[in-house]
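Residue-level structure breakdown
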Amino acid sequence: MFVLVAPGQGAQTPGFLTPWLELPGAAERVSGWSDALGLDLAHYGTKADADEIRDTAVAQPLLVAAGLLSASALGSPAAFGAVAGHSVGEITAAAYAGVLSEADALSLVRTRGLAMAEAAAVAPTGMAAVLGGDRDVVVAHLEKLGLTPANINGAGQIVAAGTLEQIAALEADKPEGSIKVVALKVAGAFHTAHMAPAVATMEKAAQALTPADPALTYVSNKDGAVVTSGADVVARLVGQVAHPVRWDLCMETFAELGVTGIIELCPGGTLTGLAKRALKGVPNVALKTPDDLQKAAALLAEHAA
């Protein structure tokens, strides 16, 4: 069984969308999405610098647009048995699974990005990845410093979130057994109580949606559960902005489902990197440029054979 995964915020890099716009019809699709959102996705994906695309209100719609573009280039969802996304990637996953239309997914992520950017502006906050160490020891250390384990990613990686002062304290005093602490290029303490104001905005936006039940097995960040109701998927998307991401539990579910391959949508690399360590022996392809589509097709064909 193949799993399609969509990366979250922080995966974007300057110019990453450029080669994807050369695919037939891609530039026109992105132009239409840009007009609908009031956001020049092509500019931000091709010409903007790292600081510009670090902006939460920009990064999130850009990532979902890139995910949708690369997903459509893969072809029919029938090749995949399950789908999941990390953080904002869950919206991409929901669209691919048929829970949301592309238009609704992009509208929702535009609302999400703006709401989370507004919440992040209340106080200087950030995130940092703790690499290595025992999970329980790391979590206890973060809580001692007043930080939230916002992303428990598995494969020896936990992302802490909190005020910049708390992040600085973590950098000066890393958990016992950990290898290093790496500050992330994000503009807020996502998936923590700092994002609570964004939840109300998301709840209001969700009322305008008419979700369908997933056409693929949909694995949720909240607890690694398989969600079969479209309404439940949307409810989880709403609460997710202030709730920790449990990607470790998602990968455990992939293993329980019998995963035989993983393909990560553009801009790929982060989630396949985690899978290489947590799901050893499972082949994977990260879609970074359209050239990687051939690798994905070959892997899918090999699996089908």
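To be clear, the structure that these remarks concern was listed above.
Residues numbered from 1 in each chain as written. Predicted model: local features only at pLDDT ≥ 70, side-chain atom pairs only at ≥ 80, totals over all residues. Heavy atoms only, no water.

1. A short note on the overall build of the protein
Looking only at helices and strands, the protein has 13 helices and 10 strands in total. Once the C-alpha set of the protein is aligned to its principal axes, its extents read approximately 50 × 45 × 35 Å. The burial tally for the protein puts 54% of its 305 residues in the buried class. Within the protein, counting contacts between residues at least 6 apart in sequence, those at least 24 apart form 73% of the total. Just so you have it, the protein exposes about 12,200 Å², and 53% of that area is on carbon and sulfur atoms. (Helix = DSSP H or I, 4+ residues; strand = E, 2+ residues; numbered from the N terminus. Buried < 20%, exposed > 50% of the residue type's maximum accessible area, 1.4 Å probe, protein only. Contact = heavy atoms within 4.5 Å. Areas by Shrake-Rupley, 256 points an atom, 1.4 Å probe, with all protein chains shown as cover.)

2. A few points about the sheet that holds strand S6 (residues 178–183)
Taken together, the four strands give an open sheet; going across it, the order is S4-S5-S3-S6, and neighbouring strands pair in antiparallel fashion. Looking at strand neighbours, the two that pair on one side only are strand S4 (148–154) and S6, the edges of this open sheet. Across the sheet, the mean angle from the axis of one strand to that of its neighbour is 20 degrees, orientation sign disregarded. Pairing of S4 with strand S5 (residues 157–163), which is carried by five bridges, proceeds in the antiparallel orientation. Bridged to threonine 148 within S5 is alanine 161. Its contacts with the sheet put helix H7 (residues 135–144) on strand S3 (125–132), S4 and S5, and the angle it makes with S5 is roughly 5 degrees. Most of the contacts of helix H8 (residues 164–172) go to S5, to which it runs at about 135 degrees, and overall it touches S3, S5 and S6. (Pairing = 2+ DSSP bridges. Axes fitted to C-alpha atoms, helices over the stretch in contact; angles between N-to-C directions.)

3. Notes on unusual backbone geometry
That bond from cysteine 266 to proline 267 is cis: its omega, -5 degrees, falls within 30 degrees of zero. The topology assignment puts proline 267 in the loop between strand S9 (261–264) and helix H12 (270–278). Not every positive phi belongs to a glycine, and alanine 155 is a case in point at roughly 55 degrees. Inspection of the secondary structure assignment puts alanine 155 in the loop between S4 and S5.

4. Concerning the pattern of salt bridges
With the rule as written, the count across this model stands at seven salt bridges. A salt bridge links aspartate 136 to arginine 135; the shortest N-O distance between them is 3.9 Å. A salt bridge links arginine 236 to aspartate 223, with the shortest nitrogen-to-oxygen separation between them at 2.9 Å. Of the two residues, arginine 236 sits in helix H10 (residues 230–240) while aspartate 223 sits in the loop between strand S7 (217–219) and strand S8 (226–227), which places them 13 residues apart along the sequence. Shared partners join several salt bridges into a network, and the residues in it are Arg135, Asp136, Arg246 and Asp248. (Salt bridge = Lys/Arg side-chain N within 4 Å of Asp/Glu carboxyl O.)

5. Brief notes about the environment of glycine 8
Relative to the elements of secondary structure, glycine 8 occurs in the loop between strand S1 (2–6) and helix H1 (26–37). Along the chain, glycine 8 and serine 87 lie 79 residues apart, while their C-alpha atoms are 5.2 Å from each other. Beyond its immediate sequence surroundings of up to four residues, glycine 8 is in contact with Leu63, His86, Val88 and Gly89.

6. A look at the packing of aromatic side chains
Applying the stated criterion across every chain, the model contains two aromatic pairs. Centroid distance phenylalanine 80 to tyrosine 96: 6.1 Å. Interplanar angle 80 degrees. Geometry classified as edge-to-face. One end of the pair, phenylalanine 80, is in the loop between helix H4 (56–74) and strand S2 (82–85); the other, tyrosine 96, is in helix H5 (residues 89–96), with 16 residues separating them in the sequence. Grouping residues by exposure puts phenylalanine 80 and tyrosine 96 together as buried. (Phe/Tyr/Trp six-rings, centres within 6.5 Å; stacked < 30°, edge-to-face > 60°.)

7. Some remarks on the environment of valine 58
Following the sequence through the fold, valine 58 ends up in helix H4. Exposure remark for valine 58: the relative accessible area of 5% places this residue in the buried category. Separated by 19 residues in sequence, valine 58 and leucine 39 place their C-alpha atoms 7.8 Å apart. Other than its neighbours up to four places away in sequence, valine 58 contacts Leu39, Tyr44, Glu52 and Ile53.

8. Digging into the sheet that holds S7
One open sheet holds the six strands; their spatial order is S8-S7-S2-S1-S9-S10, and the pairing between them is mixed. Looking at the sheet topology across the chains shown, the edges are occupied by S8 and strand S10 (284–286). Sheet analysis places S9 next to S10, joined by three bridges and oriented parallel. Within S10, the position partnered with glutamate 264 by the bridge is alanine 286. Lying on the sheet, helix H11 (residues 247–257) is in contact with S1, S2, S7 and S8; it crosses S7 at an angle near 150 degrees. Where helix H13 (residues 292–304) meets the sheet, it contacts S1, S9 and S10, and its direction lies at approximately 160 degrees from that of S10.

9. A few points about the pairing of S4
Where burial is concerned, most of S4 is hidden: six out of the seven residues are buried. With antiparallel pairing between neighbouring strands as the criterion, S4 and S5 make up a hairpin whose turn holds two residues, including alanine 155 at a positive phi of roughly 55 degrees.

10. Overview of the nonpolar core
Ranked by internal contacts, the top residues of the largest apolar core, which has 77 residues, are Leu74, Leu100, Tyr218, Ile263 and Leu287. Here this core gets 10 residues from one element, more than from any other, and that element is H4. Residues contacting leucine 100, with those up to four places away along its chain left out, are Ala94, Ala95, Ala105, Leu108, Leu209, Val234 and Leu237. Formed by 17 residues, the second largest nonpolar core is a distinct cluster that contains Ala82, Trp247, Cys250 and Phe254. (Core = buried A, V, L, I, M, F, W, Y, C linked by side-chain atoms within 4.5 Å.)

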